[in-house]
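Listed below, chain by chain, are the residues.
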Amino acid sequence: MKGVFIIDLRARYMSTTYHNFIQKGKCKMKKNLKRFLITALAIVMVMAIAPMAFAEETNVAKIGDTEYATLQAAVDACNTGDTITVIADHDLNNSDVGEKVENKYPFISIVDKKLTIDLNGKVITANPSLDADMLAVFYTGGTGELTLKDSSEAKTGAVNVTMSEGTDAYAMFVTLGSSKLTIDSGNYSIDNIAGQSMFYSQGSEQMTINGGDFYLGNAKTRDPGNGQMQPWIFN
């Protein structure tokens, strides 16, 4: 009887130990499964967010193999004679305006640099709503020289500007100082403009138009306080 009793205790001990082992194993499996599911969910969320993050950081221009987040950043990095290629359709908004020139805001400023901007079939759209007037999309000053072209076969490269109500534009292109502007090709339109022009210079600058299409639409007459002003293609 004692031997049987001892054997029975051992059996019960072994049974209890085995049961505890199984329960611990199940607990570990549940913890591991939980960790796996949490990790998998995190990966799915990152993959869902990643495309939006990349979309927000899309570069819009390049010089050689180096890409830039903004066209002005590419201009700032230019050396004399460089060509900037536009590589993505993009918008210009209030955060893109540069420092004031004659109390007005330019979007892209080329000062004391000689460079070419190739629209490359892409479309640049500006719809500014500034507290002060917009000077120009492209401003050249000092001894700056800008050449604009569209190398795309379809010739779809364009710069389109629509002014918001209450915001005036001086011009699409402004050349001051001893600067030069040359347009070889591309499509350029400015809409809802009040009383200025597509091109503006003060007389000593040089503008050369070799090609391109230009549209000055929904032009208005305004009275800035010293007489009526009519919008012109050239001023």
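Everything here concerns the structure above.
Residues numbered from 1 in each chain as written. Predicted model: local features only at pLDDT ≥ 70, side-chain atom pairs only at ≥ 80, totals over all residues. Heavy atoms only, no water.

Next up on the list: the overall build of the protein chain. Scanning the protein chain for helices and strands turns up two helices and 17 strands. Here the protein chain holds 235 residues, and 35% of them are scored as buried. Here the protein chain has roughly 13,900 Å² of accessible surface; of this, 55% comes from carbon and sulfur atoms. (Helix = DSSP H or I, 4+ residues; strand = E, 2+ residues; numbered from the N terminus. Buried < 20%, exposed > 50% of the residue type's maximum accessible area, 1.4 Å probe, protein only. Areas by Shrake-Rupley, 256 points an atom, 1.4 Å probe, with all protein chains shown as cover.)

The five strands are arranged S4-S7-S10-S13-S16 in an open sheet whose pairing can be described as parallel. The open sheet has two edge strands, strand S4 (90-92) and strand S16 (213-217), and neither has a second partner. Strand-to-strand twist in this sheet, taken as the mean axis angle between neighbours without regard to direction, amounts to 10 degrees. (Pairing = 2+ DSSP bridges. Axes fitted to C-alpha atoms, helices over the stretch in contact; angles between N-to-C directions.)

The next subject is the environment of Pro106. Note on placement: Pro106 falls in strand S5 (residues 105-111). Pro106 sits 32 residues away from Phe138 along the chain, and the two C-alpha atoms are 6.8 Å apart.

Ordered by their spatial adjacency, seven strands build an open sheet running S2-S1-S3-S6-S9-S12-S15, and the pairing between neighbours is mixed. The open sheet has two free edges, formed respectively by strand S2 (66-68) and strand S15 (206-209), since each of these has just one partner strand. For this sheet the average axis-to-axis angle between neighbouring strands, irrespective of direction, equals 20 degrees. Pairing geometry for strand S1 (residues 61-63) and S2, over three bridges, is antiparallel. Following the sheet pairing, Ala61 is matched in S2 by Tyr68.

Bridge analysis of strand S7 (residues 123-126) against strand S10 (residues 158-162) gives four bridges, and the strand direction is parallel. When the bridges of S10 are listed, Thr125 appears paired with Asn160. As defined by bridge partners, S10 adjoins strand S13 (residues 187-191) across five bridges and the pair is classed as parallel. Residue pairing for S13: Val159 is matched across the bridge by Tyr188.

The description of two aromatic rings rests on the distance between their centres and on the angle between their planes. Taken as a whole, this structure holds five aromatic pairs when the rule is applied. Ring geometry for Phe138 against Phe173: centres 5.8 Å apart, planes inclined by 15 degrees, an arrangement best described as stacked. Taken as a pair, Phe138 in strand S8 (residues 134-141) and Phe173 in strand S11 (residues 171-175) lie far apart in primary sequence, 35 residues in all. For the pair Phe138 and Phe173, one class covers both residues: buried. Ring geometry for Phe199 and Phe214: centres 5.4 Å apart, planes at 65 degrees, overall edge-to-face. (Phe/Tyr/Trp six-rings, centres within 6.5 Å; stacked < 30°, edge-to-face > 60°.)

Once that is clear, we can look at the nonpolar core. Taken as a class, soluble globular proteins show a tendency for nonpolar side chains to be buried jointly. Ranked by internal contacts, the top residues of the largest apolar core, which has 34 residues, are Leu71, Ile84, Ile117, Phe138, Leu148, Met172 and Phe173. Discounting residues that sit within four places of it in the chain, Met172 has contacts with Ala136, Val137, Phe138, Val159, Val161, Tyr188, Ser189, Ile190, Ser197 and Met198. Counting seven residues, the second-largest nonpolar core is a separate cluster that includes Ala171, Val174, Leu176 and Tyr200. (Core = buried A, V, L, I, M, F, W, Y, C linked by side-chain atoms within 4.5 Å. Contact = heavy atoms within 4.5 Å.)

Looking now at the pairing of strand S12 (residues 180-183). Two elements, strand S9 (residues 145-149) and S12, share four bridges in a ladder whose sense is parallel. Note on S12: the bridge partner recorded for Thr147 is Thr182. Relative to S15, S12 runs parallel, the two being bridged by four bridges. Considered in S15, the bridge of Thr182 is made with Thr208.

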